[in-house]
Amino acid sequence: MPAKLVSDIRQKPAWRELGRLAAQMQRARVDSMFEHDPRRAERFTLEAAGITLDYSKQRIDQAVMQALSRLAESQHFHAAREALFSGAPINNSEGRAAWHIALRRPADAPLYDEVHTVRAEMAAFVDDVRRGRWTGYTGAPISDVVNIGIGGSDLGPRLVCDALASLRQRIHCHFVANVDPADLDDTLMRMDPERTLFVVTSKSFTTAETLANAQVARQWLLDNGASEADIASHFVAVSTNSQAVSAFGIDRMFGFWDWVGGRFSLWSAVGISIALGLGMEVFDELLAGAYAMDEHFLQAPLEENLPATLGLVGVWNNNFLGLPSHVVVPYAQRLAALPAYLQQLEMESNGKSVTRGGEPSRIETVPTVWGSVGTNAQHAFFQMLHQGVLAADVDFVLPLSNPDAAGDERERQRVANCIAQAEALMCGRDNQALVDELTSQGASGFALEQLLAARRFDGNRPSSTIVMDRLDARHLGALLAAYEHKVFVQGVLWDINSFDQWGVELGKTMAGQLLGELDGGVDAVDHDASTAALMNRVRRAWNE
Ligand code: F6P
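Note that the structure is predicted; figures quoted are calculated from it, not measured. (Residues numbered from 1 in each chain as written. Predicted model: local features only at pLDDT ≥ 70, side-chain atom pairs only at ≥ 80, totals over all residues.)

(A) Quick peek at the overall build of the protein. Scanning the protein from N- to C-terminus turns up 21 helices and 11 strands. Relative to a compact globule of 544 residues, whose C-alpha radius of gyration would be 24 Å, the protein shows 25 Å and is just as compact. C-alpha extents for the protein along the principal axes are approximately 80 × 60 × 60 Å. Within the protein, buried positions represent 44% of all 544 residues. Considering only residue pairs separated by 6 or more positions, the protein has 77% of its internal contacts joining residues 24 or more positions apart. (Helix = DSSP H or I, 4+ residues; strand = E, 2+ residues; numbered from the N terminus. Rg over C-alpha atoms; globule rule 2.2 N^0.38 Å. Buried ≥ 20, exposed ≤ 12 C-beta atoms within 10 Å, placed from the backbone. Contact = placed C-beta atoms within 7 Å.)

(B) The site of the ligand, seen in detail. Residues in contact with the ligand amount to 14 residues; listed here are only the nearest, Gly-151, Gly-152, Ser-204, Thr-207 and Gly-262. The class makeup of the residues in the shell around the ligand is two nonpolar, nine polar and three charged. (Near = placed C-beta within 6 Å. Nonpolar A, V, L, I, M, F, W, Y, C, P; charged D, E, K, R; others polar.)

(C) Main features of the nonpolar core. Of all hydrophobic cores here, the largest spans 146 residues; its most connected members are Ile-51 and Leu-68. Here this core gets 14 residues from one element, more than from any other, and that element is helix H19 (residues 473–494). For Leu-68, the residues in contact, after removing those within four places along its chain, are Leu-18, Leu-312, Val-315 and Trp-316. (Core = buried A, V, L, I, M, F, W, Y, C linked by C-beta atoms within 7 Å.)

(D) Structural view of the environment of Trp-220. Of note, Trp-220 is situated in helix H9 (residues 208–223). Separated by 90 residues in sequence, Trp-220 and Arg-130 have C-alpha atoms that sit 23 Å apart. In contact with Trp-220, other than residues within four places in its own chain, are Leu-188 and Pro-193.

(E) Region of the structure containing the pairing of strand S11 (residues 463–470). Summarising burial for S11: six of the eight residues are buried, a large majority. Across four bridges, the pairing between strand S2 (residues 51–54) and S11 is antiparallel. Across the sheet, Thr-52 pairs through a bridge with Val-467, a residue of S11. For strand S10 (residues 393–401) and S11, the ladder comprises seven bridges, and the chain directions are parallel. Counterpart to Ser-401 in the pairing with S11 is Arg-470. (Pairing = 2+ DSSP bridges.)

This is the structure in structure tokens:
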């Protein structure tokens, strides 16, 4: 285990140095750095596992990157990485490993044998379903899979199924997460009960939303001609809690382990929907891409390490340049779910204000992560990115080719827009060119001044561009693993446990208590006046 960090990180020489560099950087322009260094683009571009990271438009230079590396070393980065890969209990508040890297090891170099046993069970089941040997209660083959799960039991498989939808054959996957009945009801409306397989995915198998939706789905089958005995052919579970799964009445469970965090679980049996919808070989490719990135992350020195660089640059932007937002803009419709996936990955992991040693954190931890798909985002929040008071750090994610749109003219527009936005954020608009343009249109005096002020576009706003040759399983696996390791690196620098989520647990418990009180079955506890008034309002609405 890495040594406990007792000192205030702000007193470390590397932190102080970064503070000094940040003060200098506030006066520097990145576009001029390109003019002074013809090799800048090359110097600040990394490639690993088919992913290219161009971070040359960030407000960094060699001195900043070196100081960030020194900071990582002073936070025992190498020991922490070793602990991650060796399965040490780095999730110290729960006494568990965070060993998702063991899930993507190839079968001939396993770290944990049971991973491959479950994978073989998954493969056999997927083959049965896809070949029509596993059927619904009338003997009809399965045509639709509905994954019922939330958070990490939803976002990862949903993202991958969306991203690789062009590979879909015969079986369609659907994802239901929300306890709002509209989510499941709208999905069921499109399903044929004889051909629908439900995958109830829940690590704990206690998550209220998931269990409530699974009960409704079960009843829907019974209401549509299935008998109790037929349920077994329409329900499987993915969980670590076999007792709760049997108590629910599901016979077939694909297991995983407590050392797989929910938001890191898509590589386990939680990804079974991916394999059912797209094929086991696609799932294997996804794992292979992630494994290639794991190997890179494990072996590459810090200055050549792509995920570590993503993490270090994020720390620089957040803690030294004071940028409170990290914006993710994938330029691919099929990656529209990426920002939501990364919101959980980054903010559930690093949204903490206590150190691993239990002291209050003295520095900022995770920034707000948000985003949306390009080019749509250009017509929504890009105005703020370009001219808002607060700058943000942007990740542009750009697959160069889209398997199902080769040769389409709009593809060229998609790619060109992405690159142009990153350039515009950095370069802004040449003020003299704007003056010339407005003057040639007849503007002068006060009107010219006003127009100039409104259209002024300073630039110098940081972004990274993450390019993948193709939107396929291998590249996607590598991309997601890179983000996972970025989150880990930041947790190490901020000295927090990235692998628990106690903040979410409180809300879950309180929702259960409050529902019990509203239903009248649970003794009331004291509530603040606002909560009590809201509850009364609900009671009135429910009694109307
Ligand atoms: O949001 C809290 C959380 O525990 C996540 O970490 C997890 O991914 C999600 O709930 C779902 O949990 P489970 O898989 O146990 O249903």
